[in-house]
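# Overview (structure and organization)
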Amino acid sequence: MRRTNIPEGHSFGSILKEYRMKAGLTQQALADRLGVVRNTVLYWESDKKNPSIDTLKEICRVLGIPVSELLRGDMSARDLNADERQLVDKFDTLNYSNQKLLLRFMDAMIEEQAMARDARLRTEFSVFGVASTEAAAGAGTAYSDVADSYCFLRVSDRSREADWVVGVTGNSMLPAYKDGEKVFVRQTEQVYPGDIVVVNTSNGLVIKLFNDDHKLESLNPNIPFEGSDSETYSIMGKVVGKVTAFDQPTKAEEEALSELLKTDVEDFCVKHSIPV
């Protein structure tokens, strides 16, 4: 079939509809040839769903066009880059048997890649508790009524020392600890001068320097800690490091970890009374 004059960047659905009409087929007629219901074709043409690779090839066979012609449409909310376009064009040059062979080979590669990724994720990441109450780099944060939660973080020397992850709010611990950052905290009451500690005070939870006089001190001289010398407080733990971007999984890794470490998450949540 001769290539139609469809502007580049049109959606997959609009290009499919154009070729279907040029072939003189109704949505029902195309559906019958493909062995699907009419609504499936309707969803494709309205860009609500995309066909599988095998179905895409069958559509092109029925309409008498190469796969690359339909893929001029934007099937995934973006244009194909040069490498992807080259793959599609080369795929078109293969006969049906070789296309099926290539797809099986690609499926095997994808499965092998996924297995390697899963093995890496299980080794590199673990489940950590996240305190619902943030530690104030200021006067204090009242304890939250919201239950604690969990997250996935990369296993490292810092994380191995930690029991919990706690958020920081306020600016009194600048420049070392910024508002919105998270820190690794080891649950302990045994601390020494120079340690950064998370402490429960009468005003709530704070993050402060434990100084040589065994008192709490801000790092930012412009925002001194205003706790009373006579105030009693309980040390909840010692900060053993900051949570960095490197420690956190990507969105795709986090989704995979939710399945891979599902049992670990359930056990962790039961142990720490965290709603799953």
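Cut-offs applied
Residues numbered from 1 in each chain as written. Predicted model: local features only at pLDDT ≥ 70, side-chain atom pairs only at ≥ 80, totals over all residues. Heavy atoms only, no water. Core = buried A, V, L, I, M, F, W, Y, C linked by side-chain atoms within 4.5 Å. Buried < 20%, exposed > 50% of the residue type's maximum accessible area, 1.4 Å probe, protein only. Helix = DSSP H or I, 4+ residues; strand = E, 2+ residues; numbered from the N terminus. Pairing = 2+ DSSP bridges. Polar contact = N/O pair within 3.5 Å; in protein donor to acceptor, adjacent residues only side chain to side chain. Axes fitted to C-alpha atoms, helices over the stretch in contact; angles between N-to-C directions. Parallel < 35°, antiparallel > 145°, perpendicular 65-115°, else oblique. Left-handed = near helix turned anticlockwise from the far one by under 90°. Contact = heavy atoms within 4.5 Å. Phe/Tyr/Trp six-rings, centres within 6.5 Å; stacked < 30°, edge-to-face > 60°. Arc of directions from axis to C-beta.

### Here we look at the nonpolar core
The tendency in soluble globular proteins is for nonpolar side chains to be buried as a group. The biggest cluster of nonpolar side chains holds 20 residues, and the ones touching the most others in it are L16, L30, W44, I59, L63 and L70. Of the residues forming this core, the biggest block, five residues, is contributed by helix α4 (residues 53-63). V183, V198, L205 and V239 belong to the second-largest nonpolar core, a separate cluster that totals 14 residues.

### Re unusual backbone geometry
Between L174 and P175 the backbone carries a cis peptide bond, its omega angle lying at 5°. Here P175 is to be found in the loop between β4 (164-169) and β5 (182-186). Even without being glycine, H214 reaches a positive phi, approximately 60°. Structurally, the position occupied by H214 is in the loop between β7 (204-210) and β8 (216-217). With phi around 55°, S273 is a residue other than glycine that occupies positive phi space. Tracing the backbone shows S273 in the segment after α10 (262-271). On the basis of relative accessible area, S273 is assigned to the exposed category, the value being 65%.

### Some details on the pairing of strand β1 (residues 125-130)
Counting buried positions over the six residues of β1 gives five, a clear majority of the element. As defined by bridge partners, β1 adjoins strand β3 (residues 149-154) across six bridges and the pair is classed as antiparallel. Across the sheet, residue G129 finds its bridge partner in β3, namely Y150. Where β1 lies against β4, two bridges are found, and the strand directions are parallel. Bridged to V130 within β4 is V165.

### Some thoughts on the environment of T201
Structurally, the position occupied by T201 is in strand β6 (residues 196-201). For T201, a relative accessible area of 8% gives the class buried. Separated by 26 residues in sequence, T201 and G227 place their C-alpha atoms 8.3 Å apart. A polar atom in the side chain of T201 sits 2.8 Å from the backbone oxygen of G204.

### Focus: the packing of helix α2 (residues 27-34) against helix α3 (residues 38-45)
Between α2 and α3, whose axes approach to 8 Å, the crossing angle comes to 110°. As summarised for this structure, α2 and α3 are arranged roughly perpendicular, according to the angle between their axes. Handedness of the crossing formed by α2 with α3: right-handed. Judged by residue contacts, Q27, Q28, L30, A31 and L34 of α2 engage R38, V41, L42, W44 and E45 from α3.

### What about the packing of aromatic side chains?
One pass over the structure, following the stated rule, counts three aromatic pairs. Ring plane angle 75° and centroid distance 5.9 Å describe the contact between Y150 and F152, whose orientation is recorded as edge-to-face. For Y150, a relative accessible area of 31% puts it in the partly exposed group. By relative accessible area, which is 5% here, F152 ends up buried.

### Describing α2
Along α2, the residues classified as buried are Q27, L30, A31 and L34. End-on view of α2: buried residues confined to an arc of 100°, all on one side of the axis. Structural note: α2 exposes D32 and R33 on the side pointing more than 90 degrees away from its buried face. The inward-facing, buried residues of α2 abut α1 (12-22), α3 and α4. After α2 finishes, the residue G35 shows a positive phi value of roughly 75°.

Read these as spatial facts, not as claims about activity.
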